[in-house]
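# Inside the fold
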Amino acid sequence: MSKKLKASDFAVKFAKEYGYTQKQAKQFVADFSKFCTKELTNGTSFLLSGLGSFYGERQEAKRVRNPKTGYYTDAPSRIVPKFKFSTKVVEKIKKDSSI
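This one's a predicted model, so the numbers in the text were calculated from it and none came from an experiment.

Conventions used here
Residues numbered from 1 in each chain as written. Predicted model: local features only at pLDDT ≥ 70, side-chain atom pairs only at ≥ 80, totals over all residues. Heavy atoms only, no water. Helix = DSSP H or I, 4+ residues; strand = E, 2+ residues; numbered from the N terminus. Buried < 20%, exposed > 50% of the residue type's maximum accessible area, 1.4 Å probe, protein only. Contact = heavy atoms within 4.5 Å. Salt bridge = Lys/Arg side-chain N within 4 Å of Asp/Glu carboxyl O.

This part is about the environment of Arg63. Along the polypeptide, Arg63 turns up in strand 3 (residues 62-65). Arg63 sits in the exposed class, given a relative accessible area of 55%. In the structure, Arg63 is positioned 33 residues away from Ala30 in sequence and 36 Å away in space, judged by C-alpha atoms. Apart from the residues within four sequence positions on either side, Arg63 is in contact with Tyr72, Thr73 and Asp74.

Working definition: two side chains of opposite charge can pair if their charged atoms are close together. Taken as a whole and assessed by the stated rule, the structure comprises three salt bridges. Taking the shortest distance from any N to any O, the salt bridge between Arg63 and Asp74 comes out at 3.1 Å. Here the residue Arg63 occupies a position in strand 3, and Asp74 occupies one in strand 4 (residues 72-75), the gap between them amounting to eleven residues. Lys92 is paired through a salt bridge with Asp96; the nearest N and O atoms lie 2.7 Å apart. Of this pair, Lys92 and Asp96 both sit in helix 3 (residues 87-96), four residues apart, which is roughly one turn of the helix. Judged by relative accessible area, which is 47%, Asp96 ranks as partly exposed.

Okay, structure coming up:
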């Protein structure tokens, strides 16, 4: 199973790899997170060439059941954030994967 990096761990690794200070890298991660949230909240999808695209997908309202009580209720429609890797990234992962 692959190791999951927290945002702070990612920032430290990014700083070491690309020559930024940890403070700059942490600020970049925080700013990028705010940017993604703002754009997806506004209904904007965006593409990072060579990496992938961020977009929101509408999930229609539906009837759901609470498993604890057994009662049904209506869940409102909502926008679910999604990310799709570019073909180049997918091919690279498949090629370099040792699984």
